[in-house]
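One-letter residues, chain by chain:
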Amino acid sequence: MAKTTKRKTGKTKKRKSSKVSVKDKIQKKVQDKKFRTYWGMFFILLSILLFISFSSFLTTWKDDQDILHMGWYDYLFNTSVSTKNLVGKIGLFLSHIFVYNWFGIASYSFSVLSFIIGLKFLKAYKKPLMPVTKNVVFTILWLSICLSLIFGNESDIAGGKFGFQIHMWFKSFLGVFGEVIVLVITLTGFLMLTIEGFNAKIKDLFEGIFNKKSFSKFFQKIKKNIASEKEDTEQFDKIKKESKQVDVKKESNKKDKVIVIDLDDDENIKITDKRNYKLLDNGKEIEPDNDLKFEVENTSNKHVEHIDKENPHIEKEHSNNEGTKKIETGQLSLDVTLNKDILAEKISDNTFINYDPTLDLSNFVLPSIDLLDDHNAGNPEVTKEELLRNKNRIVETLRHYKIEIKKIKATIGPTLTLYEIIPAPGVRISKIKNLEDDIALSLAAFGIRIIAPMPGRGTIGIEVPNEKPDIVSFKSVIKSNAFQESKMELPIALGKTISNETYVFDLTKMPHILVAGATGQGKSVGLNAMIASILYKKHPSQVKFVLVDPKKVELTLYERLENHYLAALPDAKEPIITDNQEVVHTISSLNVEMDDRYQLLKKAKARTIKEYNNKFISRQLNPENGHKYLPYIVLVIDEFADLIMTAGKEIELPIARLAQLARAIGIHLIVATQRPSTNIITGVIKANFPARVAFRVASMIDSRTILDSPGANRLIGRGDMLITQGSETIRLQCAFIDTPELNKITKYIEEQQSYPMPFLLPEHELDGEDVPGAVDLEKRDELFEEAAKIIVMNQQGSTSLIQRKLSIGYNRAGRIVDQLEAAGIIGPPKGSKARDVYV
């Protein structure tokens with residue numbers, strides 16, 4: 001019996017090993033280090049041989065032509081026959097094929113391509129090979145034809161026989177002039193698709209040609225003639241209104257690249273790809289971006305401001321009817337609104353009148369967009385087959401449950417595709433909502449989410465992950481028009497929506513954010529994106545950070561910003577707070593700072609920090625009375641769960657007080673945790689954090705804890721997130737910013753002029769019981785009575801017992817024990833044993 005069992009198991013193992021497919025073997029072989037090293041060196045050596053042989057062939061090809069006409073046997077084995085090519089007969093043979101018979105001098109591109117392939121095998125070249133291969137193929141074909149056009153019959157190897165034949169065909173079909181036009185057009189199109197910023201240069205070239213004064217005068221005359229021929233003024237006004245509406249529609253369409261597909265007809269899929277626009281950064285054109293967003297603003301009630309530096313006057317138009325006052329400044333005349341509350345906004349360009357907080361670091365330059373990298377996933381795309389397959393499966397699944405739909409369309413996002421369906425009359429929405437798991441099963445995809453109904457759409461949305469998701473780089477959201485032209489106080493570019501629109505929000509409107517997500521789902525990247533967004537927009541004098549990192553490794557990159565952007569206690573040991581006891585002191589210090597700021601706002605009769613700073617900038621507040629410019633303070637806590645577990649209510653209560661009161665005076669909180677449980681995110685915390693950000697969590701219970709609704713448990717991870725404020729929930733793909741990019745940003749800021757020290761927070765005064773040996777029973781702890789009850793009920797005088805039962809820190813529990821001893825409830829310490837209980 002034992003032998004039979006062994007034979008059977010042996011057969012079973014053989015069958016299992018035979019199931020390994022050839023594809024798996026090839027993939028395993030390609031990943032082998034020795035295999036990759038061998039082929040990498042092979043292609044690099046091949047590129048060197050091709051380069052040397054081609055270079056030698058250019059000077060010796062005429063002398064070696066007789067050798068090529070020999071028979072194969074003599075050419076290979078007759079040692080008396082020699083060639084002048086440096087790589088010998090094999091070099092002559094390859095050069096004759098590539099240079100003479102095929103593409104001429106353009107054949108050098110094969111050497112470049114071989115070298116890049118070798119680097120790719122050695123993992124020294126990170127970019128995909130397909131774009132490089134396409135560029136090499138185009139270069140070879142275009143250059144061989146162009147050289148043949150230039151040299152003609154004068155050189156047999158300039159463009160090669162292939163390039164010469166194509167040139168002769170073009171010449172007979174289009175003529176020389178037509179061939180030149182074709183070559184110029186193809187080269188221009190190639191450069192526009194491959195070189196960054198080339199589109200902007202072409203645009204400037206045409207604008208420089210057609211924006212001259214002669215052309216502008218010519219077009220103005222045409223407009224006047226057309227206007228004079230319009231006899232019916234009503235019809236003319238109607239045409240003007242229609243033209244304005246068209247302009248507004250054009251402006252409103254200047255959004256990110258949004259692809260909307262109507263899936264009603266399987267054969268005719270209509271793809272609407274909206275235009276892309278360029279963006280300027282300090283007068284320099286940024287590379288073409290498919291993710292630019294243009295917003296249309298209602299300018300009917302806005303004041304128009306025109307400043308001509310060349311002419312000695314300033315023109316201003318205001319929609320309000322308030323009185324104005326003229327201020328003479330040299331040759332300039334300036335009209336200033338008499339409303340003192342907005343005086344700072346009206347004269348903010350005149351440094352002789354206004355206080356400028358940035359003058360202390362006047363040479364400071366915000367980080368450049370060039371410090372960021374373009375992350376991509378290898379040209380991901382959503383194919384027509386994928387769209388039709390998902391559409392058919394959704395329709396079939398609904399029909400299985402006798403649910404008919406009238407229409408379905410798809411909107412393609414960076415990582416998700418939104419399928420919007422309109423059900424037939426009489427279909428209950430809850431019935432479709434309950435089929436979430438069934439649709440996920442039919443699509444064989446994780447992360448299906450049903451939105452029933454979609455707010456303001458009148459449809460039901462089904463979010464399906466793409467088979468080839470894209471990576472939203474932080475660079476793409478930073479250089480978007482939505483962020484660059486934002487007038488927000490603390491703008492944060494967090495990522496992109498499902499319709500590829502850059503999502504930018506103002507932290508001062510949130511005003512605090514609670515972030516939760518399981519480990520490895522993008523929570524730390526999201527925090528870095530929030531911090532970096534502010535660094536790209538605000539001067540060091542305008543915002544300060546208080547960074548708390550109990551894990552000691554996540555926020556250490558920002559230590560370089562200590563004297564630029566960080567705030568700390570006067571006796572702080574490190575710029576990034578890692579010790580839990582120091583966190584308690586810092587949070588208490590922020591409470592003192594909050595109270596001090598409210599006193600300043602009370603004296604200045606201002607309701608918010610923005611009003612106060614505007615009054616201070618416009619010199620309406622006297623610094624001798626204690627007034628000063630107040631920067632925004634952003635408190636970032638990376639792991640809130642660790643603080644609650646170790647400090648308990650000592651940290652929870654002051655944070656709750658900050659969340660309740662600190663919005664108006666410019667202190668904002670960003671709190672993150674990987675454990676969204678009820679003992680960590682308590683009711684007090686949730687009530688004061690209306691804005692929630694949820695990355696993927698483990699269970700529906702965790703999702704309900706952070707968002708008050710399910711959905712976060714069905715995210716696909718890797719930056720997929722939900723953000724909610726009030727009743728609105730938006731799904732985003734968080735922008736990815738890597739550690740090397742953060743190093744470049746912080747190093748760039750560190751190398752610039754800085755303040756002599758960090759922004760100092762006020763010292764937190766210790767209570768009387770914090771003084772060693774002093775116990776004042778008149779200043780009992782708030783938990784004194786509750787701790788006494790616990791001690792008496794358990795008949796055990798132990799500090800750890802109070803700490804465990806009341807969820808407080810050791811220091812506070814020890815002070816309560818000293819007070820209990822002074823009150824005569826427990827006895828003195830007895831070494832490692834528990835104290836005696838006298839009651």
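Above: the structure in question.
Every value quoted in this text rests on a predicted model; they were computed, and no experiment measured them. (Residues numbered from 1 in each chain as written. Predicted model: local features only at pLDDT ≥ 70, side-chain atom pairs only at ≥ 80, totals over all residues. Heavy atoms only, no water.)

Colleague: How should the pattern of salt bridges be read in this particular structure?
Modeller: Any two side chains of opposite charge can pair, given that their charged atoms come close. If you walk through the whole model with that rule in mind, you get 20 salt bridges. The partner of Lys744 in a salt bridge is Asp373, with the nearest N and O atoms 3.5 Å apart. In this pair, Lys744 sits in helix 26 (residues 739–750) while Asp373 sits in the loop between helix 13 (343–346) and helix 14 (384–400), placing the two residues 371 residues apart along the sequence. Looking at Asp373, the relative accessible area reads 28%, which means it is partly exposed. The closest approach of N and O atoms between Lys686 and Asp708, which form a salt bridge, is 2.8 Å. Here the residue Lys686 occupies a position in helix 24 (residues 683–687), and Asp708 occupies one in the loop between helix 25 (700–707) and strand 21 (720–725), the gap between them amounting to 22 residues. Taking the relative accessible area as the measure of exposure, Asp708 reaches 48% and is therefore partly exposed. (Salt bridge = Lys/Arg side-chain N within 4 Å of Asp/Glu carboxyl O. Helix = DSSP H or I, 4+ residues; strand = E, 2+ residues; numbered from the N terminus. Buried < 20%, exposed > 50% of the residue type's maximum accessible area, 1.4 Å probe, protein only.)

Colleague: Just checking my understanding: could you explain the nonpolar core for this structure?
Modeller: Soluble, globular proteins show a tendency: their nonpolar side chains are buried together. Core analysis: the largest hydrophobic core is formed by 111 residues, its most contacted members being Phe474, Phe545 and Ile723. It is helix 20 (residues 580–604) that contributes the most residues to this core, eight residues altogether. For Phe545, the contacting residues outside a window of four places in its chain are Ile531, Ile534, Leu535, Tyr565, Leu566, Ala567, Val634 and Val636. Leu398, Ile412, Ile432 and Ile462 belong to the second-largest nonpolar core, a separate cluster that totals 20 residues. (Core = buried A, V, L, I, M, F, W, Y, C linked by side-chain atoms within 4.5 Å. Contact = heavy atoms within 4.5 Å.)

Colleague: Any chance you could explain the pairing of strand 12 (residues 460–465) here in plain terms?
Modeller: In summary, the side chains of a regular strand alternate between the two faces of the sheet. In terms of burial, strand 12 is a largely internal element, six of the six residues being buried. In the sheet, strand 10 (residues 416–423) pairs with strand 12 via six bridges, with the strands oriented antiparallel. Along strand 12, the bridge assignment pairs Thr417 with Val464. Examined bridge by bridge, strand 11 (residues 449–451) and strand 12 share three bridges and lie antiparallel to one another. When the bridges of strand 12 are listed, Ile450 appears paired with Ile462. (Pairing = 2+ DSSP bridges.)

Colleague: In this structure, what is going on with the packing of aromatic side chains? I would like to understand it.
Modeller: The description of an aromatic ring pair rests on the distance of the ring centres and on the angle between the ring planes. The full count for this structure, using the stated rule, is 22 aromatic pairs. Ring centres of Phe98 and Trp102 lie 5.2 Å apart, and the angle between their planes is 80°; this geometry places the pair in the edge-to-face category. Of this pair, Phe98 and Trp102 are both found in helix 6 (residues 88–103), four residues apart, which corresponds to roughly one turn of the helix. Cation over ring: Lys537 sits above Phe483, and NZ or CZ is 5.2 Å from the ring centre. (Phe/Tyr/Trp six-rings, centres within 6.5 Å; stacked < 30°, edge-to-face > 60°. Lys NZ or Arg CZ within 6 Å of the ring centre and 35° of its normal.)

Colleague: Whenever I open this one, helix 9 (residues 160–194) confuses me. Can you help?
Modeller: Over its 35 residues, helix 9 extends only 26 Å from the first C-alpha to the last, a length that falls short of the 51 Å expected when each residue adds 1.5 Å. At Leu174, helix 9 shows its maximal bend, which comes to roughly 110°. Of all the residues in helix 9, the buried ones are Gly160, Gly163, His167, Phe170, Gly178, Glu179, Leu183 and Phe190. Elements in contact with the buried residues of helix 9: helix 6 and helix 8 (129–151). (Expected span 1.5 Å × (residues − 1). Bend = angle between axes of the 7 residues up to and from the residue.)

Colleague: Would you take a moment to explain helix 23 (residues 649–661) for this structure?
Modeller: At 3.6 residues per turn, the α-helix brings residues three or four places apart onto the same side. An ideal rise of 1.5 Å per residue puts 18 Å on 13 residues; helix 23 measures up with 18 Å between its terminal C-alpha atoms. Where helix 23 is buried, its residues contact helix 20, strand 18 (632–637), helix 22 (640–647), strand 19 (667–673), helix 24 and helix 29 (810–822).

Colleague: For this particular structure, what's the right way to read the sheet that holds strand 13 (residues 491–497)?
Modeller: Whenever strands of a sheet pair, they do so through backbone hydrogen bonds, lying parallel or antiparallel. What the nine strands build is an open sheet, ordered 14-13-22-21-20-15-19-18-16; its pairing is mixed. The open sheet has two edge strands with one neighbour each: strand 14 (502–506) and strand 16 (543–548). Taken pair by pair, the neighbouring strands of this sheet meet at an average axis angle of 25°, ignoring direction. Pairing geometry for strand 13 and strand 22 (residues 728–734), over three bridges, is antiparallel. Considered in strand 22, the bridge of Thr497 is made with Leu732. Strand contacts of helix 25: strand 15 (513–516), strand 20 (691–695) and strand 21, with the helix running at about 155° to strand 20, the strand carrying the most contacts. (Axes fitted to C-alpha atoms, helices over the stretch in contact; angles between N-to-C directions.)

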